[in-house]
Amino acid sequence: MFAYAVRRILQFIPTIVIISIIMFILLNVLPGDAIIMSGNMRRQLDETAAQALRKELGLDQPLHIRYYTYIKGLVRGDLGKSFLRQESVNKAVAPRLWPTLKLAILAMAIAVGVGIPLGFVSALKQGTWMDTASMVGAVSGISVPQFWLGLLLMYLFAVMLRWLPPQGYGEGSFIHLIMPAFTLGVGYMALLARTTRAAVVEVLTQDYIRTARAKGLSELKVNKKHVFRNTMILVLTTAGLQFGSLIGQTVIVEKLFSWPGIGSLLVDSIFQRDIPVTQGCVLIIILVFLVVNLVVDLLYAVIDPRIEYK
Amino acid sequence: MSDTIKKLKRQPSLLVGGLITLLVIIMALFAGVLSPYHPTDDADLMNSEEPPQARFLFGTDEQGRDILSRVIHGSKISLSVGLVSQAMNTAIGIILGLTAGFFGKWWDDVVMGLTNIMLSIPSMIFALAVMALLGPGLINVFIALGLTNWSYTCRITRSQVLSARSLDYVKAARALGYGRIRIMFTQILPNIVGPILVIGTLGVAWAILLEASLSFLGLGTQPPTPSWGGMLAMAREQMFTAPWICIFPGLAIFITVLGLNLLGDGLRDILDPHTTRLGK
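Since the model is a prediction, treat every value here as computed from it, not as a measurement.

### Overview of the overall build of chain B
Here is step 1: Assigned secondary structure in chain B consists of 12 helices and 0 strands.
Here is step 2: When the helices and strands of chain B are read in sequence order from the N terminus, they spell out α-α-α-α-α-α-α-α-α-α-α-α.
Here is step 3: Taken along its principal axes, the extent of the C-alpha atoms in chain B is 75 × 55 × 30 Å.
Here is step 4: Per-residue burial over chain B gives 47% buried out of 280 residues.
Here is step 5: Here the contacts in chain B between residues at least 6 apart in sequence split such that 70% fall between residues at least 24 apart.

### Looking at the interface of chain A and chain B
Here is step 1: Listed as interface residues are 43 residues of chain A and, on the opposing side, 39 residues of chain B.
Here is step 2: Among the residues forming the side of chain A that touches chain B, the class breakdown is 31 nonpolar, 10 polar and 2 charged.

### Points about the packing of helix α1 (residues 2-28) of chain A against helix α4 (residues 63-75) of chain A
Residue and element names in this part refer to chain A.
Here is step 1: Look at α1 against α4: their axes get within 11 Å of each other, and the N-to-C directions meet at 130°. It follows that α1 is oblique to α4 by the angle criterion. Crossing of α1 over α4 shows right-handed handedness. Along its contact with α1, which presents Ser20, Phe24 and Asn28, the element α4 presents Leu63, Arg66, Tyr67, Tyr70, Ile71 and Leu74.
Here is step 2: Of the residues contributing to the contact of α1 with α4, the split by class is 6 nonpolar, 2 polar and 1 charged.

### A look at the environment of Ala212(B)
Here is step 1: With respect to the element layout, Ala212(B) can be found in helix α10 (residues 180-217).
Here is step 2: Among the residues examined, Ala212(B) registers 34 C-beta atoms within 10 Å and is labelled buried.
Here is step 3: Put simply, Ala212(B) and Val81(B) are 131 residues apart on the chain and 9.9 Å apart in space, counted from C-alpha to C-alpha.
Here is step 4: Contact partners of Ala212(B), with chain neighbours within four places excluded, come to Pro145(A), Trp228(B), Gly229(B) and Ile253(B).

### Some points on the nonpolar core
Residue and element names in this part refer to chain B.
Here is step 1: Core analysis: the largest hydrophobic core is formed by 132 residues, its most contacted members being Leu128 and Leu232.
Here is step 2: In terms of residue count, α10 provides more of this core than any other element does, 18 residues in total.
Here is step 3: Membership of the second largest hydrophobic core comes to 5 residues, among which are Leu96, Ala100, Val111 and Trp150.

### Here we look at helix α4 (residues 67-103) of chain B
Here is step 1: Counted at 1.5 Å a residue, the expected span for α4(B) with its 37 residues is 54 Å, and the 53 Å between its end C-alpha atoms agrees.
Here is step 2: Just downstream of α4(B), Gly104(B) is the residue with a positive phi angle, here 55°.

### Some words on the confidence of the model for chain B
All names here are of chain B.
Here is step 1: Looking at chain B, the pLDDT average stands at 83 and 93% of residues meet or exceed 70.
Here is step 2: Between residues 275-280, whose pLDDT stays under 50, and residues either more than four places distant or in other chains, the model counts 16 contacts.
Here is step 3: Taken together, the chains of this predicted complex give a pTM of 0.87 and an interface ipTM of 0.86.

### Brief notes about the environment of Val110(B)
Residue and element names in this part refer to chain B.
Here is step 1: Counting through the fold element by element, Val110 comes out in helix α5 (residues 105-119).
Here is step 2: For Val110, a count of 12 C-beta atoms within 10 Å puts it in the exposed group.
Here is step 3: Sequence-wise, Val110 and Ala100 are 10 residues apart; in three dimensions their C-alpha atoms are separated by 8.4 Å.

### Points about the packing of α1(A) against helix α12 (residues 275-303) of chain A
Residues and elements named next belong to chain A.
Here is step 1: In contact at an axis separation of 10 Å, α1 and α12 are set at 160° when each is read in the N-to-C sense. Overall, the two elements α1 and α12 adopt an arrangement that is roughly antiparallel. At the point where α1 passes α12, the crossing takes the right-handed sense.
Here is step 2: A breakdown of the residues in the contact of α1 with α12 according to their chemical character gives 18 nonpolar, 5 polar and 2 charged.

### A closer look at unusual backbone geometry
Residue and element names in this part refer to chain A.
Here is step 1: Within the chain, Ser258 stands out as a residue other than glycine whose phi angle is a positive 45°.
Here is step 2: Inspection of the secondary structure assignment puts Ser258 in the loop between α10 (219-256) and α11 (262-272).
Here is step 3: One non-glycine residue, Arg273, lies in positive phi territory at about 55°.
Here is step 4: The residue Arg273 is located in the loop between α11 and α12 in this model.
Here is step 5: Given 21 C-beta atoms within a 10 Å radius, Arg273 is considered buried.

About the cut-offs
Residues numbered from 1 in each chain as written. Chains lettered and ligands numbered in written order. Predicted model: local features only at pLDDT ≥ 70, side-chain atom pairs only at ≥ 80, totals over all residues. Helix = DSSP H or I, 4+ residues; strand = E, 2+ residues; numbered from the N terminus. Buried ≥ 20, exposed ≤ 12 C-beta atoms within 10 Å, placed from the backbone. Contact = placed C-beta atoms within 7 Å. Nonpolar A, V, L, I, M, F, W, Y, C, P; charged D, E, K, R; others polar. Axes fitted to C-alpha atoms, helices over the stretch in contact; angles between N-to-C directions. Parallel < 35°, antiparallel > 145°, perpendicular 65-115°, else oblique. Left-handed = near helix turned anticlockwise from the far one by under 90°. Core = buried A, V, L, I, M, F, W, Y, C linked by C-beta atoms within 7 Å. Expected span 1.5 Å × (residues − 1). pLDDT = per-residue confidence, 0-100.

See below:
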């Protein structure tokens, strides 16, 4: 188990290195001039100033040297220097981290708290109106554009009922968090409900369930001891991958609710063509996703003792 | 005939999803005939922000354009983005999966490595990074989405090739002197049509959602071209004075995507009941 954990953590490193290369190439293939000109259009640079800026930002170097400088910084946890702001990318990104994490954690809590029980009930009451209703709800949940759902909620709770603030961070008050977190959680909730239902249906057909029933265990005990645990193993694996949809959607939800997180910074930096900031945001979001999947894999090893991890 | 109807009745999601999809396709094909006004040219500030009424069934926007006509025309953008980008994804996935499975060795490692990397980048974030490189615009959305969602197709194709290679009919085809290319097309591809159709249908739904999201952010379709996501971007500002602007374009996205997802679910149930549910 310990060796497995260490190996899994070591696998993490090449993945993030390759992703950093892909993202670096993707965002930097444009020649330096294109980047600098579009990024600083409003500053109206003359030729000597442009030359100086190019040198200052290291854009006069060839691509592989720039990558080397970049990765050297990255190892020390330095994401580079912003093109537009007079500050490092770290400084721009740092205050955005907690708002995004807060939003994602609450959204995930809502999704897990509602989605998984819903999937269970659906599967245990297969074919009843409850099953049909939750599954229609779930397919609607994965089909609804979240920014539209957010707009409707905004109209209902902020404009008509005036119960919740329409947008903004509000110095971190909980009341500002409710609508964005719910909006963000809905899609993942629906995915989890569908995954859980499918997993329970599959587990219920297994021989060990029939054995458990045959040996006289109560239905409650069968569900608790056999169905739940085996289902969670199946749900966890897909839930980790599907977490990508939630973390990707933070971009939209943050933009909609003017939430000062990584996602809205990412969109702003794309419009400003501030490549180092875009790159920093992308890397951090992917890192969060990878860490979640790492944790899921480790959890998987804990709850599934059947598998030997050599 | 009555047999088919009976079968369809047992597959409500296939039936409902198929009908919705058909309606959206008709809407896109006959947009010019169906819409009462021109989506961009019939702007009249005298009619700005009219609520839904007999003359404008869905109301008008801040420039006095008929929202119904814009929603109808928006289906062309959504469907073409969905179909074209998913076609790109399918092509990339099949080509990479087939060659990886057939040629194996280092090429297989490269393709599988690439697939795993793609799966470890949230698709929305990858699409945004490509948009950051290419800049805003509809054509760039086609490209960004067409490069993002091929990993499932690639995996399924590859595993099908690997399992088919040891099957008797493929061995027989080999013994008969069929070349690799011929085996690919005659023995392997027909077997993966089912799963690829399912992934493709869900992929079109996914691409439509993502295009709407990108246009909502201002990165996708640029005004005045009517796109559902773009129309909603404007709606937030007008929410207090004209809330109907934000209802109908969103409803159009929702129903279209719901239809495709239902169709995909239904197809999966009849074509390959054993595929695990996927979603990213």
